[in-house]
Amino acid sequence: MSLSVPLTGIILFIISLLIHVLVWRREPPKNYMGALVVIFIIIPTVLLSAATFAINRTGPIFNGPPLNVLVDFLAILLFHYSLAGGYILSYPALQANCPTLTMLLIVARATPKGVEREKLQANFNTSKMLEPRLKDLIDTDFVTITDGRYKLTKKGGLLLGIFGFFRKLLGLTAGIG
């Protein structure tokens, strides 16, 4: 395996990131998680597959016998998926009104004088925090709303089950940790 493997993985990630920025600048998708999977997983897989078959196997990305080409192909995808997975998992915190970051911004804007606790608390009402999260849950099809009641979908139950499994695995109780 050569240096071209991590470099190609990084290039795929940068291409994905550029596509992400272009799409979001145009109009952020309603189902952002689905869009991120398409942008960071499906498109790079298709691009790398096309490049693998289009480029001469002795070219700059792949060289050697077919088994080495397959190993390099899989290594590039694994590296890219690792970068993409970290980004996709971090994205909700980036796009949301994260309470910790919001507090830091409020304190930073009050520098050097500082800000009183009451002014910090005034910036945190439940509708500011709750409404965007509920909208995200509906837009990503984790919950539906029927007759004013929020109901878990199969997709939401699957996500909850996965996180529940890992929480149990780590010995964490529900809502703590």
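Notes on the structure in this doc start here.

This paragraph deals with the side chain of Ser 16. Residue placement: Ser 16 occurs in helix H1 (residues 4-26). Taking relative accessible area as the criterion, Ser 16 reaches 1% and is therefore assigned buried. Not counting chain neighbours up to four residues away, the residues in contact with Ser 16 comprise Ile 39, Phe 40, Pro 44 and His 80.

What follows covers the pairing of strand S1 (residues 143-146). With 4 bridges joining them, S1 and strand S2 (residues 149-152) adopt antiparallel strand pairing. What sits directly across from Thr 146, in S2, is Arg 149. Linkage of S1 to S2, two consecutive antiparallel strands, is achieved through a turn of 2 residues, within which Asp 147 is found at a positive phi near 50°.

We now examine unusual backbone geometry. Residue Pro 112 is bonded to the preceding Thr 111 through a cis peptide linkage, with omega at 5°. With respect to the helices and strands, Pro 112 occurs in the loop between helix H4 (99-109) and helix H5 (117-122). Positive phi outside glycine occurs at Asp 141, with the angle close to 65°. Assignment of secondary structure puts Asp 141 in the loop between helix H6 (126-139) and S1.

With that out of the way, let us pick up the packing of aromatic side chains. With the rule as written, the count across this model stands at 6 aromatic pairs. With 5.9 Å between their ring centres and 80° between their planes, Trp 24 and Tyr 91 make a pair best called edge-to-face. Of this pair, Trp 24 sits in helix H1 while Tyr 91 sits in helix H3 (residues 66-95), and the two are 67 residues apart along the sequence. Judged by its relative accessible area of 9%, Tyr 91 is buried. Judged by centre distance (5.6 Å) and plane angle (55°), the rings of Tyr 32 and Tyr 91 are tilted. Remark: Tyr 91 occurs in helix H3 and Tyr 32 occurs in helix H2 (residues 32-54); sequence separation between them is 59 residues. Take Tyr 32: its relative accessible area is 10%, and that puts it in the buried class. An aromatic cluster of at least three residues, connected via ring pairs, comprises Phe 13, Trp 24, Tyr 32, Phe 40, Tyr 87 and Tyr 91. Lys 155 extends its terminal NZ or CZ atom over the ring of Phe 142, reaching a point 5.4 Å from the ring centre.

Basis of the calculations
- Residues numbered from 1 in each chain as written.
- Predicted model: local features only at pLDDT ≥ 70, side-chain atom pairs only at ≥ 80, totals over all residues.
- Heavy atoms only, no water.
- Helix = DSSP H or I, 4+ residues; strand = E, 2+ residues; numbered from the N terminus.
- Buried < 20%, exposed > 50% of the residue type's maximum accessible area, 1.4 Å probe, protein only.
- Contact = heavy atoms within 4.5 Å.
- Pairing = 2+ DSSP bridges.
- Phe/Tyr/Trp six-rings, centres within 6.5 Å; stacked < 30°, edge-to-face > 60°.
- Lys NZ or Arg CZ within 6 Å of the ring centre and 35° of its normal.

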